[in-house]
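Architecture and fold: a report
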Amino acid sequence: MMQFLGRVTGDAGAAFSAISTVLGGRLGLYQAMAMAGPVTVRQLAEQTGLSARYVNEWLALQVANEYVVEENDTYLLPTENAMVLSNATSPVYLMGLFGMLPSLYASGKTLEQAYRTGDGVDWDEHGAEFFAAAAESFRPGYAAALVSRWLPSISGAVAKLDRGVAVADVGCGYGHTTVLMAKAFPRSRFVGYDPHLPSIVAAQLLAEREGVADRVTFEFAAASALPARTFELITYFDCLHDLGDPLAALVHAERALADDGVCLIIEPNAPARPSEAGTPIERIFYALSPILCLPAALSGGGGPQALGNHAGEAALREIAAQAGLRYWRLAAEGPVSRVYEVRR
Ligand SMILES: C[S@@+](CC[C@H](N)C(=O)[O-])C[C@H]1O[C@@H](n2cnc3c(N)ncnc32)[C@H](O)[C@@H]1O
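Reading the values: the criteria
Residues numbered from 1 in each chain as written. Predicted model: local features only at pLDDT ≥ 70, side-chain atom pairs only at ≥ 80, totals over all residues. Heavy atoms only, no water. Domains from an automatic or database assignment. Pairing = 2+ DSSP bridges. Helix = DSSP H or I, 4+ residues; strand = E, 2+ residues; numbered from the N terminus. Axes fitted to C-alpha atoms, helices over the stretch in contact; angles between N-to-C directions. Contact = heavy atoms within 4.5 Å. Near = heavy atom within 4 Å. Polar contact = N/O pair within 3.5 Å; in protein donor to acceptor, adjacent residues only side chain to side chain. Areas by Shrake-Rupley, 256 points an atom, 1.4 Å probe, with all protein chains shown as cover. 1 Å grid on protein atoms, 1.4 Å probe; cavity = no way out; pocket = protein on both sides within 12 Å on 5 of 7 lines; lining within 4 Å. Sits in = over half its atoms within 2 Å of the grid points. Points joined across faces, edges and corners; volume = space filled by probe spheres on them. Nonpolar A, V, L, I, M, F, W, Y, C, P; charged D, E, K, R; others polar.

**A closer look at the domain arrangement of the chain**
Per the domain assignment, the segments making up the chain are domain 1 (2-87) and domain 2 (140-343). In this structure, domain 1 and domain 2 have C-alpha centres spaced 35 Å apart.

**Observations regarding the sheet that holds strand 4 (residues 189-194)**
Pairing within the open sheet is mixed, and its seven strands lie in the order 5-4-3-6-7-9-8. Of all strands in the sheet, those bounded by a partner on one side alone are strand 5 (216-220) and strand 8 (327-333). The average undirected angle you get between the axes of adjacent strands in this sheet is 20°. Bridge count for strand 7 (residues 257-268) against strand 9 (residues 337-343) is six bridges, and the pairing is antiparallel. Each bridged residue has a counterpart across the sheet, and for I265 the counterpart in strand 9 is Y340. Relative to strand 7, helix 13 (residues 246-256) is tilted by about 145°, and along the sheet it contacts strand 6 (231-237) and strand 7.

**Describing the site of the ligand**
For the ligand, the set of nearby residues contains 17 residues, the closest of which are Y142, G171, D194, A223 and F237. Within the side chain of D194, a nitrogen or oxygen atom sits 2.6 Å from an oxygen atom of the ligand. With respect to the ligand, the backbone of F237 contributes an N or O atom lying 2.9 Å from a nitrogen atom. Protein chains shield 87% of the accessible area of the ligand, which is 590 Å² for the free molecule. Assessed atom by atom at 2 Å from the grid points, the ligand resides in the second largest pocket.

**A word on the layout of surface pockets**
The volume enclosed by the largest pocket comes to roughly 1500 Å³. In terms of lining residues, the largest pocket is bounded by 40 residues, among which L94, L97, P280, I281 and I284 are the most central. Those elements giving two or more residues to the lining of the largest pocket turn out to be helix 1 (2-26), helix 6 (95-99), helix 7 (101-106), helix 9 (128-150) and helix 14 (280-299). Residues that form the lining of the largest pocket fall into these classes: 29 nonpolar, seven polar and four charged. Structurally, the lining of the largest pocket is a two-domain feature, drawing no fewer than three residues from each of domain 1 (2-87) and domain 2 (140-343). Contributions of two or more residues to the lining of the second largest pocket are made by helix 9, helix 11 (176-184), strand 4, helix 12 (197-209), helix 13 and helix 14. Per element, the largest residue contribution to the lining of the second largest pocket is five residues, and it comes from helix 9. Here the lining of the second largest pocket is built from residues that sort into 21 nonpolar, 12 polar and six charged.

So this is what it looks like as structure tokens:
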């Protein structure tokens with residue numbers, strides 16, 4: 001019992017600390033520390049324009065969590081820790097993930113009700129802030145791997161994209177993946193599809209900011225809106241399992257693929273059953289599935305097709321085969337994602 005009590009107490013400590021981690025991101029504390037080097041409480045309070053008394057208490061937690069190092073009343077955010085907490089261009093930046101927490105806690109009552117009725121909870125019901133945080137949680141991983149590792153792992157994809165082809169990015173959200181691909185392959189044309197209007201607006205603004213709006217368009221539309229026989233590449237970044245009817249989505253994909261076209265399906269790297277030595281990332285996916293992914297799929301009319309985020313490769317492969325996409329290959333794998341190459 002004591003062993004178990006210790007574990008759950010540790011979990012509670014992590015859960016309560018997370019609120020201050022979110023505050024550290026929102027108030028610019030980690031960023032100020034990353035820029036400043038060793039600082040006193042007073043210096044950090046002055047730099048951030050915050051109350052020194054609060055900053056003092058926040059720093060004590062950061063030291064207790066071993067996020068920050070203290071020596072002689074000065075505090076340092078080590079460079080390695082800044083990569084995770086403050087450097088938004090780093091591949092291991094996690095602040096987007098933490099940014100999802102306030103909205104998910106705020107959805108508590110809605111989720112309670114959904115558990116009683118069996119109804120779904122749409123992504124939209126978690127609030128506008130949630131979409132931005134979710135997009136920010138995936139973005140660093142995509143930036144690190146999509147162009148350099150994932151696309152080269154799909155046979156013939158890079159050559160086609162270099163030559164210039166049509167690409168659909170289904171469930172594109174804020175458009176980070178669409179824009180990353182468009183920047184890397186200027187001869188190709190990209191269409192992002194998403195039924196969440198604020199995301200489509202954000203994606204359009206991103207394309208303009210990144211100078212690729214001439215070759216990227218975004219459609220306020222669902223996975224079923226793809227025109228027939230059009231795309232050499234259709235991508236699903238961390239969204240297939242969120243769809244109410246993933247089979248219908250892949251049936252549309254099969255119709256929308258050009259003759260030799262390919263689907264790139266990126267899904268969470270979480271096994272179908274919890275493993276004994278589960279990684280921390282696996283645990284995060286298992287934590288998100290019952291409060292986010294499964295409710296989203298159920299809200300899309302999911303029923304028996306609602307997958308959750310750890311349905312596993314065999315279930316996904318079976319759905320693709322039913323849609324007429326019988327070629328299935330695990331093309332690449334990282335700690336967070338599995339990348340599947342899927343064809344007719
Ligand atoms: C987990 S987010 C992934 C967003 C984006 N691909 C990314 O990785 O940042 C799931 C996305 O699927 C979208 N979505 C939900 N239902 C959809 C549908 N029927 N067709 C296409 N996209 C859908 C949501 O609006 C949301 O943007």
